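# Architecture at a glance
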Amino acid sequence: MERKVGSSTTVTSKEVKASLEKAHTLTSEEEKVLRLRHGAGASSKSAPLPRAAGNNEELGDELLLIEMQLMKAMRERTGQTKSASKPKAAAAASATKDKIVRALRKKK
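Here the structure is a predicted model, which means the values were calculated and not measured.

For helix α2 (residues 28-38), the buried fraction is low: one of the 11 residues fall into the buried class. Trailing α2 by a residue or two, G39 shows a phi angle of about 70 degrees, which is positive.

Below you can see the structure in the form of structure tokens.
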């Protein structure tokens, strides 16, 4: 009886990366596993992320509206709005100034 010698091939990370860019049937979890297993990074670090809406314009508009509302809420929460930052800073400065002026008047 003879032993059968099996053939083996080596898959490089470049080949895996190229085939993952072409394949559209994999789930995101399967793609992650293949990338981790073979050391294939993302296609490009500067490439934009794929849109969740795909070619559906109505869904894209709705997602854009939600994103804009969330960004507005985040800016208001962190105080990064242009209109809100200047009056708050001016009000804080004038309150501090008034406090100092009152303290100096009491000293006289």
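Looking now at the side chain of R35. Residue placement: R35 occurs in helix α2. Judged by relative accessible area, which is 16%, R35 ranks as buried. In contact with R35, other than residues within four places in its own chain, are K17, L20, A40, G41, A42 and S43.

All right, on to helix α3 (residues 57-78) then. Compared with the 32 Å implied by 1.5 Å per residue over 22 residues, the 31 Å span of α3 between its first and last C-alpha is a close match. Where α3 begins, the side chain of N56 points an oxygen toward the backbone nitrogen of E58, at a separation of 3.3 Å. Looking one or two places after α3, you find G79, whose phi comes out positive at around 75 degrees.

Let us now look at the packing of helix α1 (residues 13-22) against α2. As a packed pair, α1 and α2 sit with axes 9 Å apart at the nearest point and diverge in direction by 165 degrees. The orientation of α1 with respect to α2, classified from their angle, is roughly antiparallel. The interaxial crossing formed by α1 with α2 has left-handed handedness. Side by side, α1 and α2 meet where S13, V16, K17 and L20 of the first sit next to E31, L34, R35 and H38 of the second. Partitioned by chemical class, the residues of the contact of α1 with α2 number three nonpolar, two polar and three charged.

Conventions and cut-offs
- Note that residues are indexed from 1 along each chain, following the sequence as it is written.
- Residues qualify for local features only when their pLDDT is at least 70, as the model is predicted, and side-chain atom pairs are given and counted only at 80 or more; totals for whole chains, interfaces and linings, by contrast, use all residues.
- Working from all heavy atoms in the structure, the side-chain values ignore hydrogens and water.
- Accessibility here uses a 1.4 Å probe with only protein chains present; expressed as a share of the type maximum, an area under 20% marks a residue as buried, one over 50% as exposed, and anything in between as partly exposed.
- Where helices and strands are cited, they refer to DSSP runs of H or I of at least four residues and of E of at least two residues respectively, numbered from the N terminus.
- When checking whether two residues touch, look at their non-hydrogen atoms; a contact exists if any pair is within 4.5 Å.
- Every helix has an expected span of 1.5 Å times one less than the residues it contains.
- A 3.5 Å cut-off defines polar contacts: any pair of N or O atoms within that distance qualifies, except that in protein one atom must be a possible hydrogen donor and the other a possible acceptor, and neighbouring residues in sequence count only when both atoms are side-chain atoms.
- Interaxial angles span 0 to 180 degrees and are taken between N-to-C directions of axes, which are lines fitted to C-alpha atoms, for helices over the stretch in contact.
- Orientation labels follow simple angle bins: below 35 degrees gives roughly parallel, above 145 gives roughly antiparallel, 65 to 115 gives roughly perpendicular, and whatever is left gives oblique.
- The hand of a helix crossing depends on one turn: near helix anticlockwise from the far one by less than a right angle means left-handed, and clockwise means right-handed.
- The nonpolar class holds Ala, Val, Leu, Ile, Met, Phe, Trp, Tyr, Cys and Pro. Asp, Glu, Lys and Arg form the charged class, and all remaining residues, Gly among them, are polar.

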